[in-house]
Amino acid sequence: MNSADEGVNRPDGRSRRWADHRERRRAELVEAVIEAIRELGPEPGIDAVAAHAGVSKPVLYRYFEDKSGLWLAVGRQAATAVVEAIAPAVAAVREERDVVAAAIDAYLTFIEADPHVYRFVVHQRGIARDTDVVADAMDTVASGLARILGDRLRALGLDSGPALPWAYGIVGYVQTVADWWLRQQQPISRTALAEYLTTFLWGGIAGIRAAADTPGGLAVTGR
């Protein structure tokens, strides 16, 4: 290959620097919008968001196709923050009840500290519905929890097939109750709610072994 050919295939340094700058600027604008949501509430107008971020709407739309694209980027970033807050606790779940409690409390602590951002992600009507950021976040958490439940089922010599639907059930249960908790202005303390949820869920997790003795239950056939 001659030097001319190499020049054709070599990435343009200026293009790469512009792409890097664009991604950094997009990330900065997303963080600025998240800060605006924290101040303005979970359903801010685009004009108010731009003003709070200290930019004009044309600047926002230079980096995002439209309002829906901006809202989607913000939703994804906020959903990622939710996962990062609770995934370590979820990943640590084994058999100990207090670790289950820690995972639940991590989720409740996050949404209690950032309720406007949470409501924006879960209920924002301006986010395009063809991409569900809530479902993406729940997929991440449920998949990790399913691996843990599957490991425990196998260790008990049981069928691990129920691990994934159970994981989604647990995640959906906690998310739904937590949503009610916020909408009702937290009628009970976070500590009490975490204990209630843990007690309910732990009863099911701790009862896994007994399911092996149920006719048509979880025992692995052919053993």
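For the structure, check the block above.
Here goes a summary of the coordinates provided. Note that the structure is a prediction, hence the values are computed from the model and not measured. (Residues numbered from 1 in each chain as written. Predicted model: local features only at pLDDT ≥ 70, side-chain atom pairs only at ≥ 80, totals over all residues. Heavy atoms only, no water.)

### So, the overall build of the protein
Each helix and strand in the protein was counted, giving ten helices and zero strands. For the protein, the succession of helices and strands along the chain, N to C, is α-α-α-α-α-α-α-α-α-α. Contacts in the protein between residues at least 24 apart in sequence constitute 68% of all its contacts with a sequence separation of at least 6. (Helix = DSSP H or I, 4+ residues; strand = E, 2+ residues; numbered from the N terminus. Contact = heavy atoms within 4.5 Å.)

### With respect to the nonpolar core
Counting residues in hydrophobic clusters, the biggest one holds 62 residues, and the most contacted among them are L70, V74, I104, Y107, L108 and I111. Looking at this core element by element, the count peaks at eleven residues for helix α5 (residues 67–91). Residue contacts for Y107: discarding those within four places in its chain leaves V82, I86, Y118, V174, Q175 and A178. (Core = buried A, V, L, I, M, F, W, Y, C linked by side-chain atoms within 4.5 Å. Buried < 20%, exposed > 50% of the residue type's maximum accessible area, 1.4 Å probe, protein only.)

### Here's the deal with helix α3 (residues 46–53)
Taken as a whole, α3 has its buried residues at I46, V49 and A50. Angular distribution of buried residues about the axis of α3 spans 100 degrees; they occupy a single face of the element. Just downstream of α3 lies G54, where phi reads positive at about 75 degrees. (Arc of directions from axis to C-beta.)

### Some words on the environment of E31
Along the chain, E31 turns up in helix α2 (residues 13–40). Since its relative accessible area comes to 37%, E31 is described here as partly exposed. E31 sits 46 residues away from Q77 along the chain, and the two C-alpha atoms are 8.4 Å apart.

### Description of the pattern of salt bridges
A full pass over the atoms with the stated rule returns seven salt bridges. With its nearest N and O atoms 3.4 Å apart, the salt bridge here joins D179 to R183. Here the residue D179 and the residue R183 both occupy positions in helix α9 (residues 163–183), the gap between them amounting to four residues, near one helical turn. Using a relative accessible area of 44% as the deciding quantity, one classes R183 as partly exposed. Within this structure, E35, R38 and D114 form a network of salt bridges that share partners. (Salt bridge = Lys/Arg side-chain N within 4 Å of Asp/Glu carboxyl O.)

### Side note on the packing of helix α7 (residues 115–123) against α9
Taken N-terminus to C-terminus, the directions of α7 and α9 make an angle of 125 degrees; their axes are 12 Å apart at the nearest point. Between α7 and α9, the interaxial angle falls into the category oblique. Regarding α7 and α9, the two cross each other, and that crossing is left-handed. Residue-level inspection shows P115, Y118, R119, V122 and H123 of α7 in contact with α9, the latter providing Q175, D179, L182 and R183. Here the contact of α7 with α9 is composed, by residue class, of four nonpolar, two polar and three charged. (Axes fitted to C-alpha atoms, helices over the stretch in contact; angles between N-to-C directions. Parallel < 35°, antiparallel > 145°, perpendicular 65-115°, else oblique. Left-handed = near helix turned anticlockwise from the far one by under 90°. Nonpolar A, V, L, I, M, F, W, Y, C, P; charged D, E, K, R; others polar.)

### Considerations on the side chain of D114
In this fold, D114 is placed in the loop between α6 (97–113) and α7. In this structure the side chain of D114 is engaged in a polar contact, spanning 2.8 Å, whose partner is the side chain of R38. (Polar contact = N/O pair within 3.5 Å; in protein donor to acceptor, adjacent residues only side chain to side chain.)

### Section: the packing of aromatic side chains
A complete count under the given rule lists three aromatic pairs for this structure. With a centroid separation of 6.5 Å and an interplanar angle of 85 degrees, the aromatic rings of Y107 and Y118 are classed as edge-to-face. A residue pair is termed long-range when its members are at least 10 positions apart, and Y107 in helix α6 and Y118 in helix α7 qualify at eleven residues. When its relative accessible area of 5% is taken as the criterion, Y107 is described as buried. (Phe/Tyr/Trp six-rings, centres within 6.5 Å; stacked < 30°, edge-to-face > 60°.)

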